[in-house]
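Now for the letters of each chain:
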Amino acid sequence: MAQIPLADFALRLLRKTPDALDPEERRVLASLDDGTIVSRDAADEADARASLGDRLADRVAAIGGSWGFIIAFTLVLLGWMLLNSDVLVHFGAAFDPYPYIFLNLMLSTLAAIQAPVIMMSQNRQAAKDRLAASLDYETNLRAELDILRLHHKLDGVVLDRLAALEEKIDRLAARG
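Counting from 1, residues in each chain are numbered in the order their sequence is written. Given that the model is predicted, a residue must reach a pLDDT of at least 70 before its local features are reported, and side-chain atom pairs must reach 80 or more before they are shown or counted; all residues, however, enter totals for whole chains, interfaces and linings. With hydrogens and water set aside, each side-chain value is computed from the structure's full complement of heavy atoms.

Novice: Summarise a positive patch on the surface; cite the residues concerned and give the values.
Specialist: Surface patches are drawn from residues lacking salt bridges whose relative accessible area is over 30%; two like charges belong together within 9 Å, two nonpolar side chains (Val, Leu, Ile, Met, Phe, Trp, Tyr) within 5 Å. Residue exposure ignores everything except the shown protein chains as possible cover, and the areas themselves are Shrake-Rupley values with a 1.4 Å probe. Each salt bridge in this description consists of a side-chain nitrogen of Lys or Arg and a carboxyl oxygen of Asp or Glu lying within 4 Å of one another. Positive charges are assigned to Lys and Arg, negative charges to Asp and Glu, while His and the chain termini are left out of the count. Think of each charge as sitting on NZ of Lys, CZ of Arg, CG of Asp or CD of Glu. Together, Arg 161, Lys 168, Arg 171 and Arg 175 give the surface a local cluster of positive charge. Only DSSP runs of H or I with at least four residues qualify as helices, and only runs of E with at least two residues qualify as strands; both kinds are numbered from the N terminus onward. Here Lys 168 is to be found in helix H6 (residues 101-175).

Here's what the structure looks like:
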C-alpha cells in the first residue's frame, strides 16, 4: 500500500477524509501502510494501563467475591458470636456481648470500604470491555480493508487478462 497515500486510501475504502477518521481507523490505515499487524490482546493492554489502585481493587473484588471469603467470614462471625456469648462470658471477659455492637460496627465499616472498591473493580471491568470492543473493531476493520484490497487487486488482474484476451481475439479476427 506504500504507493497509495493514506488520504486516498481513507477516501477510497472508508469514504472519509483523513481528519474525519477515528483513532482506531487511523491506526488500522497506518498498520496497512506499514504492513504491520493491528490485533492486540485486550487483557494485556488493560493490564499495561492499570494503576496500583486498579490492581488492588481487582484483587479485593476477587477475594471478596469468592466462596473462600464467604466461608471464612462466616466462620469468623460464628466464632466471634460463640466466643462473646458463651466462652468469655464464663470468665467475665466478654468484650462484645450480645447484641454485638462492636461486631456491627466492624461489619458496617467493612461494607463501607468494600462496596466502593468493588464498584471500582466493576468500572475497571467495563473499561476493559470497552477496550476489547475497540480492539475487536480495529481487527475487524483491518480484515475488511485487507479483503477489499484483495478484491481490487483481483479485479485489476481480471481486467488485465480480459484486455489481453480481447487483444488476442482482435488479432485473430484481423487474420481470419
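That shown, we press on.
Novice: Got a sec to walk through the nonpolar core? Specific residues and values, please.
Specialist: Within soluble globular proteins, side chains that are nonpolar tend to cluster in buried spots. Buried Ala, Val, Leu, Ile, Met, Phe, Trp, Tyr and Cys residues form a nonpolar core when they are joined through side-chain atoms within 4.5 Å. Relative accessible area decides the class of each residue, using a 1.4 Å probe on protein chains only: under 20% of the type maximum gives buried, over 50% gives exposed, and in between gives partly exposed. The biggest cluster of nonpolar side chains holds 11 residues, and these are Phe 9, Ala 10, Leu 13, Leu 14, Leu 21, Val 28, Leu 29, Leu 32, Val 38, Leu 141 and Leu 145. Sorting the residues of this core by element identifies helix H1 (6-14), helix H2 (23-34) and H6 as the ones contributing at least two each. Examining the composition of this core, we find that 4 residues originate from one element, H1, more than from any other. Every residue pair with non-hydrogen atoms within 4.5 Å of one another is taken to be in contact. Leaving out residues up to four positions away in the same chain, Ala 10 has contacts with Arg 15, Lys 16, Leu 21 and Leu 29.

Novice: If you had to explain a nonpolar patch on the surface to someone new, which residues and values would you point to?
Specialist: On the surface, Leu 82, Leu 83, Val 87, Phe 91, Phe 95, Phe 102, Leu 105 and Met 106 cluster together to form a nonpolar patch covering roughly 790 Å² of accessible area. Mapped onto the nonpolar patch, the elements with two or more residues apiece are helix H5 (67-90) and H6. Structurally, Leu 83 can be placed in helix H5. Note on Leu 83: relative accessible area 34%, which makes it partly exposed.

Novice: Give a detailed account of the packing of aromatic side chains, specifying residues and quantitative values.
Specialist: For any pair of aromatic rings, geometry is given as the distance between the ring centres together with the angle between the planes. Note on aromatic pairs: the rings of Phe, Tyr and Trp (six-membered ring only in Trp) are paired at centre separations within 6.5 Å, and the planes decide the class, stacked below 30 degrees, edge-to-face beyond 60, tilted for the rest. One pass over the full model with this rule turns up 4 aromatic pairs. Ring plane angle 80° and centroid distance 5.3 Å describe the contact between Trp 80 and Phe 95, whose orientation is recorded as edge-to-face. Of this pair, Trp 80 sits in helix H5 while Phe 95 is found in the loop between H5 and H6, placing the two residues 15 residues apart along the sequence. Ring geometry for Trp 80 and Phe 102: centres 5.8 Å apart, planes at 25°, overall stacked. With Trp 80 in helix H5 and Phe 102 in helix H6, this residue pair connects regions lying 22 residues apart in the sequence. Of the residues examined, Trp 80 reaches a relative accessible area of 17% and is grouped as buried. Joined through ring pairs, the aromatic side chains of Trp 80, Phe 95 and Phe 102 make up one cluster.

Novice: Would you mind going over the side chain of Asp 96 in detail, with residue names and values included?
Specialist: Among the structural elements, Asp 96 can be located in the loop between H5 and H6. Among buried charged residues, Asp 96 stands out as having no salt bridge; its nearest opposite-charge side chain is Arg 59, 31 Å away. A polar side-chain atom of Asp 96 sits 3.1 Å from the main-chain amide nitrogen of Phe 102. In this structure the side chain of Asp 96 is engaged in a polar contact, spanning 2.8 Å, whose partner is the backbone nitrogen of Leu 103. If near-sequence neighbours (up to four positions away) are discounted, Asp 96 is found in contact with Trp 80, Asn 84, Ile 101, Phe 102 and Leu 103. Here a polar contact means two N or O atoms within 3.5 Å. Within protein one must be a hydrogen donor candidate and the other an acceptor candidate, and residues neighboring in sequence count only if both atoms are side-chain atoms.

Novice: Give a description of the side chain of Glu 25 that names residues and reports values.
Specialist: With respect to the secondary-structure elements, Glu 25 resides in helix H2. Under the relative-accessibility criterion, Glu 25 is labelled buried at 3%. If sequence neighbours within four positions are ignored, Glu 25 has contacts with Leu 14, Lys 16, Ala 20, Tyr 137 and Leu 141.

This is a description of form; function is not addressed.
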